[in-house]
Amino acid sequence: MIIMKKAIPRRTFLRGMGVTMALPLLDAMVPSMTAFGLTPARPVRRLGFVYMPMGCDLARWTPVSEGGKVTQWSPTLQSLAPVADQLTIISNMELKNAYPGTHATSNASFLSAATAKWTESSDYYLGTTVDQVAAKQLGIQTAIPSLELSMDLLQTVGQCDNGYACVYQNNLSWSSPTTPLPSEAHPRLVFERLFGDGGSSADRRAALERRASLLDSIKDDITRLQQKLGPEDRTRVSRYLDTVREVERRIEAAESQTRDAPLPDLDRPTGVPALYSDHAKLMFDLQVLAMQGDVTRVMTFQLARETSNRTYNEIGVPDPHHPLTHHGNDPAKVARMAKINAFHVSLFAYYLERLKATPEGDGSLLDHSLVLYGSGMGDPNVHDHIHLPTIVAGGGANAIGGARHIKYAEPTPLANLHLTLLERAGMKMDAFADSKGHVDELLTL
């Protein structure tokens, strides 16, 4: 890294008509003769949470090793091998407060570790989720305190599962016990939120229609900025803008392909890529851009809703997902469910590889982030909440090792992990929900 004598502010933006674009961390933002930890290049603490619905086939998920270093990856986790050095697999985590064993409580308890009030009405009550606890501190310095994303167009209201209100299945994030935060599944709307210049949705749409591309309206700012930068920074900015342009192009292509579609797909919003994998990768790429520009430091992403009947023809599984999880131990059904599990994990692997390939300061975005991937359900065939599939990825500012399997002898509260992630992100708390300690292995490196 080249340390510039005079630094430009970390909060430098490119502005144009309807556009405010944050920049990635540049060498020019790091003043010379300054301790690294006191510069804008110091590791930024970020937390991400990715939800996999309806548990998994634990036999194909769990690593062969009983604990310690993972030397052989299980079939479901095989796609994660390229980022093995940044992974910790944790077995035998439990969500006691998710019982009596429903899809609604699986989703609701995943980040809250709280008991959802049994109600079909608007008097729902849960608990503040771990991401929102983090956002209250990590979100102070960013334009967006937290980003809530999903893959489904959520229109269900009323009761969705055994007398529980649909709000418990629809929302991962809760800023208070009575305030669920809706998620966004449309890439265009996420893109405009990240890079638009505020105002109402109508204002952002009008600005969009006045320009061929978001980057067109900031050409003058780009030119002025490039004149102030050294060669490495100019290359870094160019690559960042190329990525923004490519994401925007993919959004436009999806909108063009679906604009005249005669029959809408009710499982996805109009104007998103036809293939689930393309849609998911686009949503993951938007999260990478949000991190790279330091627009937000806390993100949640729901890969599908609990009870989702989505089919996955692109991987050869035409069965609806939810009925397939009630497999009755039929080996053929279990194998098809496991194929969906592995597919979801492969998309998470794509995300981690993108973070690992994006430099930041003295490392990469992945080095400076912690991401939890998992489900609120263990074995979906019996709707239990033990042996939860759980992965922690990332370096957490180079503090957490990888390729490890932590296997507890007894069921351990998932809240212990939430408390640990908060501490790794700089927030000291005595407890979170029903926690009974920390995941000590993640604190002693």
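Residues numbered from 1 in each chain as written. Predicted model: local features only at pLDDT ≥ 70, side-chain atom pairs only at ≥ 80, totals over all residues. Heavy atoms only, no water.

1. Concerning the overall build of the protein chain
Step number 1: Summing up its helical and strand segments, the protein chain has twelve helices and 16 strands in all.
Step number 2: Counting over 445 residues, the protein chain shows a buried share of 57%.
Step number 3: Relative to all contacts within the protein chain whose residues are 6 or more apart in sequence, the contacts with residues 24 or more apart total 73%. (Helix = DSSP H or I, 4+ residues; strand = E, 2+ residues; numbered from the N terminus. Buried < 20%, exposed > 50% of the residue type's maximum accessible area, 1.4 Å probe, protein only. Contact = heavy atoms within 4.5 Å.)

2. Re the sheet that holds strand E16 (residues 404–413)
Step number 1: Across the sheet, eight strands lie side by side as E4-E16-E5-E15-E14-E3-E11-E6; this open sheet has mixed pairing. Strands with a single pairing partner mark the edges of an open sheet, and in this sheet they are strand E4 (68–69) and strand E6 (147–150).
Step number 2: The pairing of strand E3 (residues 46–51) with strand E14 (residues 369–374) spans six bridges and is classified as parallel. Counted as the bridge partner of glycine 48 is valine 371 from E14. (Pairing = 2+ DSSP bridges.)

3. Concerning helix H9 (residues 276–292)
For an α-helix, 3.6 residues make a turn, and residues three or four places apart therefore share a direction.
Step number 1: Helix length check: H9, at 17 residues, gives a terminal C-alpha distance of 24 Å against a target of 24 Å (1.5 Å per residue), a fit within 8%.
Step number 2: With 15 of its 17 residues buried, H9 lies for the most part within the structure.
Step number 3: Of the residues trailing H9, aspartate 294 is marked for its positive phi of about 55 degrees. (Expected span 1.5 Å × (residues − 1).)

4. Re the nonpolar core
Step number 1: Residues Met21, Leu80, Phe348 and Leu352 are the most contacted members of the largest nonpolar core, which totals 78 residues.
Step number 2: When near neighbours in sequence (up to four residues on either side) are disregarded, methionine 21 contacts Thr12, Phe13, Leu14, Phe195, Leu214, Leu215, Ile218, Tyr240, Leu241 and Val244.
Step number 3: In terms of nonpolar packing, the next biggest core, distinct from the first, is built from 34 residues, Val130, Leu414, Leu417 and Leu421 among them. (Core = buried A, V, L, I, M, F, W, Y, C linked by side-chain atoms within 4.5 Å.)

5. Comments concerning empty space enclosed by the protein
Step number 1: Enumeration according to the criterion identifies three cavities of 30 Å³ or more in this entry.
Step number 2: Each pocket or cavity is described by its volume, and for the largest cavity that value is around 50 Å³.
Step number 3: In terms of lining, the largest cavity is formed by Glu148, Leu149, Ser150, Asn170, Asn171, Leu172, Ser173, Leu181, Ser183, Thr300 and Gln302.
Step number 4: Those elements that provide at least two residues to the lining of the largest cavity are E6 and strand E11 (298–302).
Step number 5: Of the residues forming the lining of the largest cavity, the biggest block, three residues, is contributed by E6.
Step number 6: Partitioning the lining of the largest cavity into residue classes produces three nonpolar, seven polar and one charged. (1 Å grid on protein atoms, 1.4 Å probe; cavity = no way out; pocket = protein on both sides within 12 Å on 5 of 7 lines; lining within 4 Å. Points joined across faces, edges and corners; volume = space filled by probe spheres on them. Nonpolar A, V, L, I, M, F, W, Y, C, P; charged D, E, K, R; others polar.)

6. Quick notes on the packing of H9 against helix H11 (residues 331–356)
Step number 1: For the pair H9 and H11, the least separation of the axes is 10 Å and the interaxial angle reads 30 degrees. The orientation of H9 with respect to H11, classified from their angle, is roughly parallel. Relative to H11, H9 is oriented so that their crossing is right-handed. Here H9 contributes Tyr276, Ser277, Ala280, Lys281, Phe284, Asp285, Gln287, Val288 and Met291 to the contact with H11, which in turn contributes Phe343, His344, Leu347, Phe348, Tyr350, Tyr351, Arg354 and Leu355. (Axes fitted to C-alpha atoms, helices over the stretch in contact; angles between N-to-C directions. Parallel < 35°, antiparallel > 145°, perpendicular 65-115°, else oblique. Left-handed = near helix turned anticlockwise from the far one by under 90°.)

7. Considering the pattern of salt bridges
Step number 1: Under the definition given, this model contains 15 salt bridges.
Step number 2: With its nearest N and O atoms 2.7 Å apart, the salt bridge here joins aspartate 57 to arginine 60.
Step number 3: Aspartate 57 sits in the buried class, given a relative accessible area of 11%.
Step number 4: Across the salt bridge formed by aspartate 233 and arginine 236, the nearest N and O atoms sit 2.8 Å from each other. (Salt bridge = Lys/Arg side-chain N within 4 Å of Asp/Glu carboxyl O.)

8. A word on the confidence of the model for the protein chain
Step number 1: Averaged over the protein chain, the pLDDT score is 86; the fraction of residues at 70 or greater is 84%.
Step number 2: Contacts for the low-pLDDT stretch residues 36–41, under 50 throughout, to residues beyond four places or in other chains number 18 contacts. (pLDDT = per-residue confidence, 0-100.)

9. Considering the pairing of E11
Step number 1: E11 sits mainly inside the fold: five of its five residues count as buried.
Step number 2: Across five bridges, E3 lies against E11 in parallel orientation. Bridge pairing links glycine 48 to methionine 299 in E11.
Step number 3: Pairing of E6 with E11 involves four bridges; the strand directions are parallel. Bridge pairing in E11 places leucine 147 opposite methionine 299.

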